[in-house]
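# A closer look at the structure
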Amino acid sequence: MEKNADFEKIIKAMDEQKSDLVELCLQLGNTPSHHARERRLGEAVVQWLAAADIKGGLQFITAESVNAVATLPGAGDGKSLIWNAHMDTGPEPGPDATEDEKKLETAWVDGDMLFGKGMINDKAQLCAFMLAMRAIKQCGIKLKGDLTLTAVAFETGDPSVGAQQGVNFPGEGFGTKWVVDRGVVADYALVGETSGFGIVRAECGAAWIKVRIKGREVYTPRLERGKSVQENPNAFVKAAHAIMAIEEWAVDYERRETIEFPGGTIIPKAQIVEVRGGEKISRPNPFCDIFIDVRTVPSKNPNAIKQEIAATIKRLNLECEVSLFQYSRGFIAQHAEPLIAAVTMAHRYIFGAEPPAPPSAETSMWRDLNVFNEVGIPSVCYGPPRQREPLSGAGNPAMKIADLIDATKVYALTAMKLCGIQEGP
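Before going into details, it helps to say that this report is about the structure given with it. (Residues numbered from 1 in each chain as written. Predicted model: local features only at pLDDT ≥ 70, side-chain atom pairs only at ≥ 80, totals over all residues. Heavy atoms only, no water.)

## Things to note about the overall build of the chain
- Across its full length, the chain holds 12 helices and 17 strands.
- Relative to the globule expectation of 22 Å for 425 residues, the C-alpha radius of gyration of the chain, 24 Å, shows essentially globular dimensions.
- C-alpha atoms of the chain, sized along the principal axes, occupy 90 × 40 × 40 Å.
- Every one of the 425 residues in the chain was classed for burial, and the buried ones make up 54%.
- Of the contacts formed within the chain by residues at least 6 apart in sequence, a portion of 78% connects residues at least 24 apart.
- Split by element, the accessible area of the chain, about 18,700 Å² in all, is 49% carbon and sulfur.
- For the chain, the distance from the average site of its 47 positive side-chain charges to the average site of its 55 negative ones is 4 Å. (Helix = DSSP H or I, 4+ residues; strand = E, 2+ residues; numbered from the N terminus. Rg over C-alpha atoms; globule rule 2.2 N^0.38 Å. Buried < 20%, exposed > 50% of the residue type's maximum accessible area, 1.4 Å probe, protein only. Contact = heavy atoms within 4.5 Å. Areas by Shrake-Rupley, 256 points an atom, 1.4 Å probe, with all protein chains shown as cover. Lys, Arg positive; Asp, Glu negative; His and termini not counted. Charge placed at Lys NZ, Arg CZ, Asp CG, Glu CD.)

Here you go:
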């Protein structure tokens, strides 16, 4: 590919600022920003950008939860672009957290690798956007279109169910919904998340289902089990059968709902994430609640899933209630071709090859690009791959520093290509 002087200027700046990127990752990675408490991190983002003469501010969702928004104003009539990454890192570990779990809440470097749960999801990509924005300004690159960075809250939000109610339990993507509803819009949006350097053009929806298995409260000395699970009054015994039936349904659901599309493969999965009874243990609880996280292909009707699960339990002849208590729709990006072309060009310029197909896990989850695509802002996701590490159950909260540097270059070149560069003074 023919060399571009402006691109080369940015690439040189990125290479020279590698230590700045690592330092920023450690600073933000070690700033706590658990779900619903992102304010300290938002303030740090705005302060860092202000030091680079990039104006930004905070959008308050609650007293402790914020979005941080900053813009490089365009100098002409180019296309506008949002860079989006989330600040929240999930719930704070409980009092029984292991030392490994506590360590994963921090950020550290070992050799050529970055580590930390929040670092990978999603502060490393946020830092890459921040450094790329600073480099564009410092190198004197005047974009034609506006470039806006949205560092958002509540991407990992817990759903509203039971005692978890109110603004602090909004489900996934609430921060990005908040930022868009308050007028931060653009022609396109690029979400920075891990993607194996593939371009993620679609994401699943998420349907959260509660199955309440009903039994009867029977004092243990007076228990009569009967001759079948249907006759047994114990809700937990009944639920054990329901759990196995739901698991069989989930295996079949994943197989038949998998779809191929031009951007890769979507494999929507489902699993039971929680089982609960009541608060008392002195007497058997008359019900058992089973909570299921079901990922859905774009356009899937969540009520159809609820009905399938209800039919699965009905075949066991068990009394139950099935409810859908949270739903977020999935999308395949429409009219995103200019953005995809810009990311492809930038990737090709940095790597000398075409972007790979993203891993199916990356196209089979819920991410903030769904929010943008829902409101008609074409959006895709792009970022570096995850690496293995031994501390977490997932085994992947690690990233090569070199990969993050390359992603930073791709982000900058994408903005330059899509927004356009203003020539002259």
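Here the narrative resumes, following the displayed structure.
## Focus: the sheet that holds strand β2 (residues 66-72)
- Spatially, 6 strands are ordered β1-β2-β6-β3-β7-β16 in an open sheet, and the strand pairing comes out mixed. Two strands close off the open sheet at either side, each with one partner strand: β1 (56-60) and β16 (379-382). Between one strand axis and the next, the sheet turns through 20° on average, direction left out of account.
- In this structure, strand β3 (residues 81-86) lies alongside strand β6 (residues 147-152), joined through 6 bridges in parallel fashion. When the bridges of β6 are listed, asparagine 84 appears paired with threonine 150. (Pairing = 2+ DSSP bridges. Axes fitted to C-alpha atoms, helices over the stretch in contact; angles between N-to-C directions.)

## Some words on the nonpolar core
- Counting residues in hydrophobic clusters, the biggest one holds 76 residues, and the most contacted among them are Ile10, Leu81, Trp83 and Ile136.
- Not counting residues up to four positions away in its chain, the partners in contact with tryptophan 83 are Phe129, Ala132, Met133, Ile136, Leu147, Thr148, Leu149, Thr150, Leu190, Tyr411, Ala412 and Ala415.
- Grouped together as the second largest cluster of nonpolar side chains are 21 residues, Ile213, Ala250, Tyr253 and Ile290 included. (Core = buried A, V, L, I, M, F, W, Y, C linked by side-chain atoms within 4.5 Å.)

## Side note on the pattern of salt bridges
- Tallied over the entire structure, the rule returns 22 salt bridges.
- We note a salt bridge from arginine 256 to glutamate 257, for which the minimum N-O separation is 3.5 Å.
- When its relative accessible area of 34% is taken as the criterion, arginine 256 is described as partly exposed.
- Arginine 276 is paired through a salt bridge with glutamate 274; the nearest N and O atoms lie 4.0 Å apart.
- The class for glutamate 274 is partly exposed, based on a relative accessible area of 34%. (Salt bridge = Lys/Arg side-chain N within 4 Å of Asp/Glu carboxyl O.)

## Concerning the pairing of strand β7 (residues 188-192)
- Counting buried positions along β7 gives 5 out of 5 residues, so the element sits mostly inside the fold.
- Side chains Tyr188, Leu190 and Gly192 project from β7 onto one buried face, and the interleaved Ala189 and Val191 project onto a second face that is buried too.
- With 4 bridges connecting them, β3 and β7 associate as parallel partners. Directly across from tryptophan 83, in β7, lies its bridge partner leucine 190.
- Two elements, β7 and β16, share 4 bridges in a ladder whose sense is parallel. Each bridged residue has a counterpart across the sheet, and for valine 191 the counterpart in β16 is cysteine 381.

## Details of the sheet that holds strand β17 (residues 398-400)
- A sheet is described by the order of its strands in space; here 3 strands give the open sequence β4-β5-β17, paired in antiparallel fashion. The open sheet has two free edges, formed respectively by β4 (108-110) and β17, since each of these has just one partner strand. Strand-to-strand twist of the sheet, defined as the mean angle between neighbouring strand axes without regard to direction, takes the value 30°.
- Across 3 bridges, β4 lies against strand β5 (residues 113-115) in antiparallel orientation. Bridged to tryptophan 108 within β5 is phenylalanine 115.

## Overview of helix α12 (residues 401-419)
- Compared with an ideal rise of 1.5 Å per residue, which puts 19 residues at 27 Å, α12 spans 27 Å between its outermost C-alpha atoms and is within 8% of the ideal.
- The element α12 is largely enclosed, with a buried count of 17 among its 19 residues.
- Positive phi shows up at glycine 420, right after α12, with a value of about 85°. (Expected span 1.5 Å × (residues − 1).)

## As for the side chain of aspartate 6
- Mapped onto the fold, aspartate 6 is located in helix α1 (residues 5-16).
- No salt bridge is formed by the buried aspartate 6; the nearest opposite charge belongs to lysine 9, separated by 4.3 Å.
- Dropping the residues within four chain positions of it, aspartate 6 is found in contact with Ile141, Met416 and Ile421.

## Let's talk about helix α3 (residues 39-51)
- Its 13 residues give α3 an end-to-end C-alpha distance of 18 Å, which sits within 8% of 18 Å, the value for a rise of 1.5 Å per residue.
- Looking only at α3, the buried set comprises Leu41, Gly42, Ala44, Val45, Val46, Trp48 and Leu49.
- Elements that come into contact with the buried residues of α3 comprise α2 (18-29), β1, β2, α5 (117-138) and β6.
- Looking at the residues trailing α3, positive phi occurs at aspartate 53, about 65°.

## Observations regarding the pairing of strand β13 (residues 287-296)
- Of all 10 residues making up β13, 9 are buried, and the element is well covered by its neighbours.
- Bridging between strand β12 (residues 270-276) and β13 involves 6 bridges; their strand directions are antiparallel. Within β13, the position partnered with glutamate 274 by the bridge is phenylalanine 291.

## A few points about the packing of α1 against α12
- At their nearest, the axes of α1 and α12 sit 10 Å apart, and the two run at 150° to each other. In terms of their interaxial angle, α1 and α12 are classed as roughly antiparallel. α1 and α12 meet at a crossing whose hand is right-handed. In this structure, α1 uses Asp6, Phe7, Ile10, Ile11, Met14 and Asp15 to contact α12, whose residues at the interface are Ile405, Thr408, Lys409, Ala412, Leu413 and Met416.
- The residue makeup of the contact of α1 with α12, split by class, is 8 nonpolar, 1 polar and 3 charged. (Parallel < 35°, antiparallel > 145°, perpendicular 65-115°, else oblique. Left-handed = near helix turned anticlockwise from the far one by under 90°. Nonpolar A, V, L, I, M, F, W, Y, C, P; charged D, E, K, R; others polar.)

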